[in-house]
Structure formats: C-alpha cells, structure tokens
Amino acid sequence: MSEPATIEIISDEISEEEVIFPPGDILSDEPPLESDLHREQIDLLIRILKLWWREREDFYASGNLTIYYSPNQKKSEKFRGPDFFVVLGTEKKDRKSWVVWQEDGKYPNVIVEILSSSTAAVDKGLKKQVYQDTFRTPDYFWFHPVTMELQGFHLVDGKYQEIQPTTDGCLWSQQLELYLGVYEGKLRFFTSENQLILSSEELAQEETLRAQQAEERAQQAEERAQQAEQEIARLREVLRIQGIELENI
C-alpha cells in the first residue's frame, strides 16, 4: 500500500532556522460550495464512510476543509482544500482545518474532487499536480455530479497511473479497500464484493421494510391459523350432523 508524503517545507529564500510555524489551531478558509448538489455529494461521502468505519478510531474524513501544508505561507495562493479527503493512521476527532505540520506531517491518503464547469480545469490540472508531487496522495478521484464523469488515479513510483474501471464502471481505492462508483446519480462506496454501502437513511428504510415484511408475515400466519380453526370447526359440524363424534374416532 502506498503511503502519502510527510511534510515538505516549501521555502522561498527562507532558511529552516528562519521558518516560524503558525499555530496549529487555524480556521479553514474555503469558499462557499457552488451548489446544493456539490454540498450534498460531499456530505454523503463523509457520512457514509464514517458510518461504515464507525468502529475505527484511526482515520479522519472531511471535506471542503483547508489543508495547510506550507508554514512559510499559511495557505498556498494556488491551492484550496479538497472537496473530500481521508487521512489514515491518525486520531479520529473534530478539527477546524488540517494542518500538516501539526499532524505528524501526514497528507491525505485519498482525495475526491467534485467537478464543476468552473473548477474542472484546476481539479484536473493544478490540483492533480499538487496531489501527485507535493501531497503524494496515493488515491485521487474526480467526479462530475452532472455529467457523471468519474476518473481515478493511483500513485505508482511517484506518478499517477489511471485506475481501470470494472465492467460496471467502478474504481478501486487501494487505500480505502472500497470501490467508488455511481449509483442513482451519486458517487457512492461499494464493498470488494460490489455491495452498495448504505447510508443511515437507507439503513433505516431497510429496517422499516424488514419490520413491515415481518409484520405482514405474522398477519398472514395468523390468518392461516384462523382459517385452519374455521375449517376444523366446519368439519366437526359435518361429522356431528352425520352422527359421528370425534371422540369415537
């Protein structure tokens, strides 16, 4: 499994001795999301992965959150936070931003960008280059919620190699050990057996459906029992009219 890069200090005419690290408690500084479609997609990925890994304490999943990686300038002028990212081997806790030099030099293991007409060129160009060369993020994906374009890359010998899709269009994430694929117009996670990983709402709906089905089966069983009792009573009456008592049989 590939490992993301540890921190690299980017210095412009500043020696290591002169570098002053900003405090780690820095607020995220991201622009508003372009649409409800983008916000809902990012939120869906975060919620589902956290639910799927609810027993784990060794990861951080977030989105539209600034990643501060250069202490010489708190935030690169050419880079803003990923739409969705996951860091493995770290403490699961809430953060105001991801500050690399306060997180043992860890960069994201997985990044997903949600494309739009105004961001696609940057996501496919500059950001891809930053994730490859500076972050060295092992798995990088992008998804367009309108056109359904989905593409993924895995870091091999320091360069991104395109991930080949399965026959149903899913892409394997070695870091997550999950597939990413499109389901009902949304980017979703699938298990290695290609089973859709459900959201909390879908799990609740599934549980409600199971309860309804169980209730229907119970009602049907009760109705069959009543019908059987009625049939026995009818047969008893037929036999009684014929002068046959069940006790004598």
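Residues numbered from 1 in each chain as written. Predicted model: local features only at pLDDT ≥ 70, side-chain atom pairs only at ≥ 80, totals over all residues. Heavy atoms only, no water.

Q: Would you take a moment to explain the overall build of the protein for this structure?
A: Across its full length, the protein holds 4 helices and 11 strands. Counting only residues that meet the buried cut, the protein has 40% of its 249 residues in that class. A sequence separation of at least 24 residues applies to 62% of the contacts in the protein between residues at least 6 apart. Total accessible area on the protein is roughly 14,500 Å²; 48% of this is exposed by carbon and sulfur atoms. (Helix = DSSP H or I, 4+ residues; strand = E, 2+ residues; numbered from the N terminus. Buried < 20%, exposed > 50% of the residue type's maximum accessible area, 1.4 Å probe, protein only. Contact = heavy atoms within 4.5 Å. Areas by Shrake-Rupley, 256 points an atom, 1.4 Å probe, with all protein chains shown as cover.)

Q: I would appreciate a short explanation of the sheet that holds strand S11 (residues 186–190) in the present structure.
A: The strands that make up a sheet are held in pairs by hydrogen bonds between backbone atoms, and each pair lies either parallel or antiparallel. Pairing is antiparallel across the open sheet formed by 3 strands, whose spatial order is S9-S10-S11. Sheet topology places strand S9 (171–173) and S11 at the edges, where each strand pairs with a single neighbour. Taking the axes of each pair of neighbouring strands and ignoring which way they run, one obtains an average angle of 35 degrees across the sheet. Alignment of strand S10 (residues 178–183) against S11, held across 5 bridges, turns out to be antiparallel. Looking across to S11, one finds that Leu180 is bridged to Phe189. Of the strands in this sheet, S10 and S11 are in contact with helix H1 (residues 36–52), which crosses S11 at around 10 degrees. (Pairing = 2+ DSSP bridges. Axes fitted to C-alpha atoms, helices over the stretch in contact; angles between N-to-C directions.)

Q: Help me understand the nonpolar core in this model?
A: By size, the foremost hydrophobic cluster in this structure holds 26 residues, and its most contacted members are Leu49, Phe84, Val86, Val112, Leu176 and Phe189. Among the secondary structure elements, those contributing two or more residues to this core are H1, strand S1 (59–62), strand S3 (84–88), strand S5 (110–114), strand S6 (139–143), S10 and S11. Counting residues per element, this core draws most heavily on H1, at 6 residues. Those residues in contact with Phe84, other than ones at most four positions away along the chain, are Leu45, Ile46, Leu49, Ser62, Gly63, Val110, Ile111, Val112 and Phe189. Counting residues in hydrophobic clusters, the runner-up holds 20 residues, among them Leu65, Val100, Tyr107 and Leu155. (Core = buried A, V, L, I, M, F, W, Y, C linked by side-chain atoms within 4.5 Å.)

Q: What should I look at first to understand the sheet that holds S1 in this one?
A: Across the sheet, which stays open at both edges, the 6 strands sit in the order S1-S3-S5-S6-S7-S8 with mixed pairing between neighbours. Every interior strand has two partners, whereas the edge strands, S1 and strand S8 (159–162), have only one. Going across the sheet, the axis of each strand differs from the next one's by a mean of 15 degrees, ignoring polarity. Note that strand S7 (residues 150–156) and S8 share 4 bridges and pair antiparallel. Residue pairing for S8: Val156 is matched across the bridge by Lys159. The sheet contacts of H1 involve S1, S3, S5 and S6, and relative to S1 the element is tilted by about 160 degrees. Running at roughly 125 degrees to S8, helix H3 (residues 126–135) makes contact with S5, S6, S7 and S8 of the sheet.

Q: Sorry if this is basic, but what is going on with unusual backbone geometry here?
A: In most cases, non-glycine residues show a negative phi, while peptide bonds are predominantly trans. The phi dihedral of Asp157 falls on the positive side, at around 55 degrees, and the residue is not glycine. Note that Asp157 resides in the loop between S7 and S8. On the basis of relative accessibility, which here comes to 79%, the residue Asp157 falls in the exposed class. Positive phi values are uncommon outside glycine, yet Glu177 reaches one of about 55 degrees. With respect to the secondary-structure elements, Glu177 resides in the loop between S9 and S10.

Q: Would you mind going over H3 with me for this structure?
A: Along H3, 7 of the 10 residues are buried, which leaves the element largely enclosed by surrounding structure. Residues of H3 that are buried: Lys127, Lys128, Val130, Tyr131, Gln132, Thr134 and Phe135. Where H3 ends, the next residue or the one after it, Arg136, has phi of about 50 degrees, a positive value.

Q: Just to check I follow, could you spell out the packing of aromatic side chains for this structure?
A: On inspection of all chains with the given rule, the structure shows 15 aromatic pairs. One Lys or Arg, Lys128, reaches over the ring of Phe153 and ends 4.6 Å from the middle of that ring. (Phe/Tyr/Trp six-rings, centres within 6.5 Å; stacked < 30°, edge-to-face > 60°. Lys NZ or Arg CZ within 6 Å of the ring centre and 35° of its normal.)

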